[in-house]
Amino acid sequence: MFLFMKQHEFVPQVPYGTRDFLPREASQKRAVEGALAQLFANWGYDEVVTPTIEYLETMTVGVGNDLDQHMFKFFDKNNRILALRPDMTTPMARVAATRFKGSPSPMKLFYITNVFRYEQAQAGRQCEFYQAGVEIMGASEPAADAEVIALAVESMLKSGLQKFQIGLGQVDFINGIMEQSELSLVQRQQIKHAMVTRDLVGLGEILVKSGLSQSDQTLLKHIPLLHGREDMLKQAYSMVTNDKSRRALDNLANIYHLLENYGVSQYVDFDLGIIRDFEYYTGMVFEGYTPGLGFPICGGGRYDTMLNSFGMNCGATGFALGIERVLLALERQGIDGTQNCKGIYIGWNKENLVKAIKQADTLRDSGCSVELAVIPESCAQAKESQKSKGYEKLVYVE
Ligand SMILES: N[C@@H](Cc1c[nH]c[nH+]1)C(=O)O
């Protein structure tokens, strides 16, 4: 009796932060992913598929400790610690450094796959989520950065989004300012963290306690407000005196000039407060935003030291787009990306299965999508099935 009740009460759930994609969502997901795979291939990128699990030490070499609290970890039978990949950039760097040594440079690679990060789950932010991204490895020039940003713009357009904006920053702008002062590593990290989370009150408090001069405090407090078009870059130039920050601004101006030539600069604003939440970024960084979503839909940047950690000394840049975020944005903006029409339903009455199989075969060969009933139905039942399953046409074999 007890056993019976228990079985009765059991409601199977998916693990926290994961979700099912039901047919409509799964077909939207596939449509977006298919379009992106085609786009990346058209731009000369090759797909790479890596394991879902990596050794923890591989992930730590790549992303540092930033994601430590967010990784799903477990042991293999030899007691080595494994992690579900929290990011695809690190596995791609591992592949490039270990499998493509000596290949023509730069390598242009893409992926469309799931990644895992422990997060407070909410719509558009799950612990398991899908990313489509590209990485250019072996190129340090602004041309590679511009290509990656232009491709991010094209990806959003290809996904069906019309309204979005990219914020473009450069981590060396703030690094240059902080290196001038005598801040400890911890203080620098606290300042960056406050900027990443856009915690302006917290930033103010850290700065007051930092021992920095009043003018440096004012400058750092001002960084999150430094967004705009090219005139803002000029303003920022006059606010700093160190070479590193100024080179960062020159680098942004160069990238922007190329984006004008790609015809996508109208989608791009400068935002010097963007630092992103991975420590591996060493140059330009960017994030894409679309109305109705409170978090970035895509993001990326230059990471010139990661490959070195895997034994290959070269610069790299890339971006990733969140697939569920694209789907959510499309839904919230009322854009329906799918053709929801199904083809033909074939029903048959007793004894006519063989005829119906042949009919289905012929119709499929001619390019129609066909569902063949697996049990005999009367014509009225078949009509009902056609309607409830959403098929455009019924073929009834009798
Ligand atoms: N891996 C980054 C995106 C990126 C790709 N390449 C460089 N950055 C992310 O998950 O946000």
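Small disclaimer: the values here were computed from a predicted structure and weren't measured. (Residues numbered from 1 in each chain as written. Predicted model: local features only at pLDDT ≥ 70, side-chain atom pairs only at ≥ 80, totals over all residues. Heavy atoms only, no water.)

If you walk across this open sheet you meet the three strands as β2-β4-β3, and the pairing is antiparallel. The open sheet is flanked by β2 (53-55) and β3 (73-75), the only strands paired with a single partner. Here the strands of the sheet are splayed against their neighbours by 40° on average, with no regard to which way each runs. When β2 meets strand β4 (residues 81-84), the two strands line up antiparallel, connected through three bridges. The residue of β4 that forms the bridge with Ile 53 is Leu 84. In the packing of helix α3 (residues 56-63) onto the sheet, the strands contacted are β2, β3 and β4, and the crossing angle to β2 comes to about 80°. (Pairing = 2+ DSSP bridges. Helix = DSSP H or I, 4+ residues; strand = E, 2+ residues; numbered from the N terminus. Axes fitted to C-alpha atoms, helices over the stretch in contact; angles between N-to-C directions. Contact = heavy atoms within 4.5 Å.)

So, about helix α4 (residues 89-99). Note: α-helices contain 3.6 residues per turn, so residues at a spacing of three or four share the same orientation. Among the eleven residues in α4, nine count as buried, and that is most of the element. The set of residues buried in α4 consists of Thr 89, Thr 90, Pro 91, Met 92, Ala 93, Arg 94, Val 95, Ala 96 and Ala 97. Looking at the buried positions of α4, the neighbouring elements they touch are β2, α3, β5 (107-116), β6 (128-137) and α12 (306-309). (Buried < 20%, exposed > 50% of the residue type's maximum accessible area, 1.4 Å probe, protein only.)

What follows covers unusual backbone geometry. Excluding glycine, residues mostly carry a negative phi; peptide bonds, for their part, are mostly trans. Residues Ser 105 and Pro 106 are joined by a peptide bond in cis, for which omega reads -5°. With respect to the helices and strands, Pro 106 occurs in the loop between α4 and β5. Positive phi, close to 65°, is recorded for Asn 79, a residue that is not glycine. The residue Asn 79 is located in the loop between β3 and β4 in this model. We classify Asn 79 as exposed; its relative accessible area is 58%.

Of the residues in the chain, 96% reach a pLDDT of 70 or more, and the chain-wide mean stands at 93. For this predicted complex, the interface confidence score (ipTM) comes to 0.99, while the overall pTM stands at 0.92. (pLDDT = per-residue confidence, 0-100.)

Within this model, the second largest pocket holds a volume of roughly 430 Å³. Considering the residues around the second largest pocket, the lining is formed by 22 residues, among which Gln 28, Leu 327, Leu 328, Leu 330 and Glu 331 are closest to the centre. Elements with a contribution of two residues or more to the lining of the second largest pocket: α2 (23-42) and α13 (323-332). The greatest single-element share of the lining of the second largest pocket, amounting to six residues, is contributed by α2. Looking at the lining of the second largest pocket residue by residue, the classes come out as eight nonpolar, seven polar and seven charged. (1 Å grid on protein atoms, 1.4 Å probe; cavity = no way out; pocket = protein on both sides within 12 Å on 5 of 7 lines; lining within 4 Å. Points joined across faces, edges and corners; volume = space filled by probe spheres on them. Nonpolar A, V, L, I, M, F, W, Y, C, P; charged D, E, K, R; others polar.)

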